[in-house]
Amino acid sequence: QVQLVESGGGLVQPGRSLRLSCAASGSIFATDAVGWYRQAPGKQRELVALIPTSSNTYYADSVKDRFTISRDNAKTTVYLQMNSLKPEDTAVYYCYALLQSTPWRTPTAYWGQGTQVTVSS
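Predicted model only: the values in this text are computed from it and were never measured. (Residues numbered from 1 in each chain as written. Predicted model: local features only at pLDDT ≥ 70, side-chain atom pairs only at ≥ 80, totals over all residues. Heavy atoms only, no water.)

(A) Structural context of the sheet that holds strand E7 (residues 67–71). Judged by pairing direction, the sheet is antiparallel, and its 4 strands sit side by side in the order E1-E3-E8-E7 without closing on themselves. Each having just a single partner strand, strand E1 (3–7) and E7 make up the two edges of the open sheet. For this sheet the average axis-to-axis angle between neighbouring strands, irrespective of direction, equals 15 degrees. In terms of strand pairing, E7 meets strand E8 (residues 77–82) through 5 bridges, oriented antiparallel. When the sheet's bridge partners are listed, Phe67 is paired in E8 with Met82. (Pairing = 2+ DSSP bridges. Helix = DSSP H or I, 4+ residues; strand = E, 2+ residues; numbered from the N terminus. Axes fitted to C-alpha atoms, helices over the stretch in contact; angles between N-to-C directions.)

(B) Region of interest: the state of the cysteines. Using the criterion set out here, one finds 1 disulfide in the structure. Between the sulfur atoms of Cys22 and its disulfide mate Cys95 the distance is 2.0 Å. As the torsion about the S-S bond is roughly -80 degrees, the Cys22-Cys95 disulfide counts as left-handed. Placement of the pair is Cys22 in strand E3 (residues 18–25) and Cys95 in strand E9 (residues 91–100), with a sequence separation of 73 residues. The buried category is assigned to Cys22, whose relative accessible area is 1%. (Disulfide = S-S within 2.5 Å. Buried < 20%, exposed > 50% of the residue type's maximum accessible area, 1.4 Å probe, protein only.)

(C) Representation of the packing of aromatic side chains in the model. In the structure shown here, the tally under the stated rule is 3 aromatic pairs. Arranged with centres 4.9 Å apart and planes meeting at 65 degrees, the rings of Tyr37 and Trp111 form a pair that is edge-to-face. Remark: Trp111 occurs in strand E10 (residues 108–111) and Tyr37 occurs in strand E4 (residues 30–39); sequence separation between them is 74 residues. Classification of Trp111 by relative accessible area gives partly exposed; the value is 37%. Ring geometry for Tyr96 versus Trp111: centroids 5.1 Å apart, planes at 55 degrees, classification tilted. Highlighted residues: Tyr96 in strand E9 and Trp111 in strand E10, separated in sequence by 15 residues. With relative accessibility at 12%, the residue Tyr96 sits in the buried group. Over the face of the ring belonging to Tyr94 we find Arg45, whose NZ or CZ atom lies 3.7 Å from the ring centre. Cation over ring: Arg45 sits above Trp111, and NZ or CZ is 4.7 Å from the ring centre. (Phe/Tyr/Trp six-rings, centres within 6.5 Å; stacked < 30°, edge-to-face > 60°. Lys NZ or Arg CZ within 6 Å of the ring centre and 35° of its normal.)

Nothing here speaks to function; it is geometry throughout.
Have a look at this one:
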């Protein structure tokens, strides 16, 4: 069973920074993509940033030049560095991974439990 555990959320003032982490554990054979989504109150969940294995990194227009997604060399932890935070970045942030747990299973989407990010003065 694959688990994704996020950390790093919290309350921060506008203009400040936060770094979210997502640690993956369990049986992982291959990873097709890792990324971050967010969901603000009353809004649909939206893609923030994504690292596909076979394509370029994607960022939502609203976070370009402010957020940076990365992963460690062991590829078990994904980070989201968030700079110049704005009140509209307030949301629950979810880690996402599309991966195969074994060679004979098709890629499956996994989600973390979510971490709250609140940007307010």
